[in-house]
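Tertiary structure, described
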Amino acid sequence: MMLDALLPQVARPGRYCGNEFNVTRKDWSSASLRLALIFPDLYEIGMSHQGLQILYHLINSRPELLAERAYVPAPDLEALLRAQGQPLFSLESRRSLSEFDVLGVTLPYELCYTNILTILDLAGLPLLAAERDARHPLVLGGGPCAFHPEPLADFFDAILLGDGEEAILEIAGTLAELKKNRAERPEVLRRLAGIEGVYVPAHYVPRHDERGRFIRMDGLDGGTAPAVRRRVLADLETTAYHAPLVPVTKIVHDRLGVEIARGCTRGCRFCQAGMIYRPVRERTPARIMELAEKGIGDSGFDEMALLSLSSGDYSCLSDLLVSLMNRFAAERVSVSMPSMRVGTLTPEIMTQIKRVRKTGFTLAPEAGTDRLRRVINKGITEIDLLETSRTAFDLGWKLLKFYFMFGLPTETDEDLAAIPILAGRALATGGGGGGRKINVSVATFVPKPHTPFQRVRQLGIDEGWARIDFLKQSLRGRHFQLKWHDPRMSFLEGVFSRGDRLLGSVIIEAWRRGARLDAWNEHFRLETWLEAAAGVGVELDGYLRPREATEALPWEHLDCGVAPEFMESEAERALAEEYTPDCRYHGCQQCGLCDFREVYPRVGRPGESPVIASTTPETGRVGEGRFCYRLEYSRTGNTRLLGHLEVIQLFYRALRRTGLPVNYSQGFNPTPRVTFSPALPLGTESLAEYLIIDLAEPLGEPEEVRAAFNRYLPAGFTVNRIKLDTGRVEQRVLTCYHIDPGQPVDPERLAAFLAVDRYEIEVIRKGKARSVEARSLVSGLELTAEGRLALQLVAEVSQPGLKPAELVRELLGLDSAQTLALRIVKMWSREEPEAGIRSAEPNLSL
Ligand code: SF4
């Protein structure tokens, strides 16, 4: 494949290299079923997603199955793939997605729908399931949007509702058998439809009235469509551990995720996740400790996130946090909880969180007044919010983030006006000064299917902007910052959340008109969608309207397990501002989900956690010494596509995994004391890199440490030597590069360059053009017997340097594509005393 030639031409090529640590590469030919697991957004988003990783490891744990990954390419790579006629590929084997038996696509949010079409198209597949047959991979979906998938129904062969751990293996087993028997597509769909939790859209026929409004869903025979019941994994405790994938390039959530619980029964009436992931299933503290130990040990991450819909509601949280912090504080591993609820954030928990470094502190009041919070069943009051704010400020946090929605049912002007008032009162709890700040984020409320508010009206775009304008006016001053989710995006989210199958044509048309990466502000264009909808004759505004209590809904045949009567009762209780308590502590509220045999809330008890005594002093220091070691290493192959910061992160993680007693910097965000050799230009391989690590104790067996690093670094990195060092960094360095120019070189050009005293070259630094005098930086330049250029360049700390490619481009008159295609290898490097540089004779042997 020509991919190696394409990647140097795109931004952040590390996204496409597939050399993550703990990646699985299986023998293609011996797998009976091959699945490509796809996240329909950019790598940095998709790699942060836990669900895909769980299924990836689970499938690959079966000898007969193979799973690889793919993400949507950024526009630059998409354009190159199209220009070169290359298909989209999996990261592990770089095979075209069309070679797989199954494409398993995560459905995380509505604004990624056009990305799914990009993926199908780049795989060379017809977009519509009806136009695909046994020659094509099956396209399966799953994830939160599986519960309201009608806008996507035409593109998918089948969609899984609910937890995937057990279902995916059942599906894979069935498909492997059908593949062996060469079953035709209708037979395959029939068998899939027989698996609990699997929705086959082709077996369902939506009906609309003359205005285009959905009126019912029929089965293929014209009768009532059978309901599809969601899969529920009854118990999280027994799921297997798998070593996490560790990216080599920066991603959004670059940390170890440990799922401490699934499901939330707090009962917030706007929250779809709270309904479709019921009941609560907690892991035991002992199992969480085990997963954390193994996960940090196998990854080297310096942050661990305790994941669940509401981590603060985990029943043994205080004890668990003490144990985790006692175990990991000395290694500077911080613990974050991305989903904390006010009321569960006790001072004890907050004290534990800040022991290593203060991660962000986010509160979600959702609404400005207690009245509106009662409507949505948020279960917290202004007093709770102010108490938590005061404690956070007292404990040293400077910045609090508050999340609100506007457009909630029954909202009044008073509710909206209460948002800035509440922010002001929260700031006042910290005394109002000392650099303390409050960020207020607001978004339009999107009524979601399978929630008590699924029938209410959504605000229009102009109404959303009007509320933002009001908040801009009322939240003034340097202590506040207002951020908002674009109401135009919320509009589309609302349309596709509660949309029907007619919207499939709008998605295709918008994609054809160029809609891509719609969840990204820089790519989103509402006009494209409005033009597409007009082009296919679908009116989008109507999807925001309220639905009558008797009106059919396009997702009613998909059963999330919560009874319709419970939804209706909750909608009524909302209007009456009545509280519905959490069933895990206050008894069953009759939502209808649990069978109380296999499926029921699984909650622990405080005191169950194995509290681990701290083995190190609070400072985390493990020794008082200072021993510097120099690690010399090479980086070859695709590692040339990694940036300097990415390489630093890789070594930090490998260092953590070795367990060496590294010294840390002091301050707010302690980092390991490590010095790296100067940044290597992107696209350059090297046989001569180094880093200096500062340890609190001497190394016992350097050779064992060297071997450990080589185990923990991705392919392409090799540590060749470890030796004691002074820790001093060279100020002036002579480096030799070998460069394959990809064409014969006229020696006269080199001679002409070496004959002059000065040679100005224009280079780009930090986006700006500047001139560098190149001749004085070149100490040697010759042609090797193989036709390569051997270039010796001088570089001095804090002086403008020259990259080998910049000089070669200039000397040989290369265009940018030829320059990017140069193969450059750094061969050696050594300290160069100042006196020796300019007096060195030009080294030209032809
Ligand atoms: S059935 Fe009862 S216990 Fe189970 S999730 Fe629903 S309300 Fe909670």
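Residues numbered from 1 in each chain as written. Predicted model: local features only at pLDDT ≥ 70, side-chain atom pairs only at ≥ 80, totals over all residues. Heavy atoms only, no water.

1. Focus: the overall build of the protein chain
For the record, the criterion: Here a strand is any run of E in DSSP of at least two residues, a helix any run of H or I of at least four, and the numbering for each starts at the N terminus. Using C-alpha atoms as the atom set, the radius of gyration is obtained and then compared with a globule rule of 2.2 Å times the number of residues to the power 0.38. Only protein chains enter the accessibility calculation, which uses a 1.4 Å probe. A residue is then buried if its area is under 20% of the maximum for its type, exposed if over 50%, and partly exposed in between. Computed with the Shrake-Rupley method and a 1.4 Å probe, the accessible areas treat only the protein chains shown as cover for residues. Charge assignment: positive for Lys and Arg, negative for Asp and Glu; neither His nor the chain ends contribute. To locate a charge, take atom NZ for lysine, CZ for arginine, CG for aspartate or CD for glutamate.
Secondary structure summary: the protein chain contains 26 helices and 29 strands in total. Rg of the C-alpha trace for the protein chain: 30 Å, near the compact-globule value of 28 Å for 846 residues, within the 12% margin. Expressed as lengths along the three principal axes of its C-alpha atoms, the size of the protein chain is roughly 90 × 60 × 55 Å. Going through the 846 residues of the protein chain one by one, you find that 57% of them count as buried. Of the roughly 34,600 Å² of accessible surface on the protein chain, a fraction of 51% belongs to carbon and sulfur atoms. The averaged location of the 112 negative side-chain charges in the protein chain is 3 Å from the averaged location of its 103 positive side-chain charges.

2. Considering the site of the ligand
Spelled out, the test is: Definition of nearness: a residue and a molecule or strand are near each other if at least one heavy atom of the residue lies within 4 Å of the molecule or strand. Think of it as three bins: nonpolar holds Ala, Val, Leu, Ile, Met, Phe, Trp, Tyr, Cys and Pro, charged holds Asp, Glu, Lys and Arg, and polar takes everything else, Gly as well.
Near the ligand lie 13 residues; those nearest to it are Cys583, Cys588, Gln589, Cys591 and Cys594. Split into classes, the residues belonging to the shell around the ligand amount to eight nonpolar, four polar and one charged.

3. A closer look at the pairing of strand β29 (residues 823-831)
Worth spelling out the cut-off: Note on pairing: two strands pair once DSSP finds at least 2 bridges between them.
Inspection of the sheet shows strand β22 (residues 684-695) paired to β29 by three bridges, in the parallel sense. Of the residues in β29, the one forming a bridge with Ser686 is Lys826. Of the strand pairs in this sheet, strand β24 (residues 732-740) and β29 are connected by eight bridges, and their pairing is antiparallel. In the sheet register, Leu734 faces β29, and the bridge partner there is Arg830.

4. Notes on the packing of helix α6 (residues 165-180) against helix α7 (residues 185-193)
Rules: Inter-axis angles, ranging from 0 to 180 degrees, are taken between N-to-C directions of lines fitted to C-alpha atoms, where helices are fitted over the stretch in contact. Should an angle fall under 35 degrees it is taken as roughly parallel, and over 145 as roughly antiparallel, whereas 65 to 115 is taken as roughly perpendicular and any remaining angle as oblique. Put simply, a crossing is left-handed when the front helix is turned counterclockwise from the back one by less than a right angle, and right-handed when it is turned clockwise. The criterion used for residue contact is that any of the two residues' heavy atoms lie within 4.5 Å.
One way to put it is that α6 packs onto α7 with a least axis distance of 10 Å and a crossing angle of 155°. Classified by the angle between their axes, α6 and α7 sit roughly antiparallel to one another. Helix-helix and strand crossings are classified by hand; for α6 and α7 the assignment is right-handed. On the side of α6, the interface is formed by Ile171, Thr174, Leu175, Glu177 and Leu178, while α7 contributes Glu187, Val188, Arg191 and Leu192. Across the contact of α6 with α7, the residue classes break down as five nonpolar, one polar and three charged.

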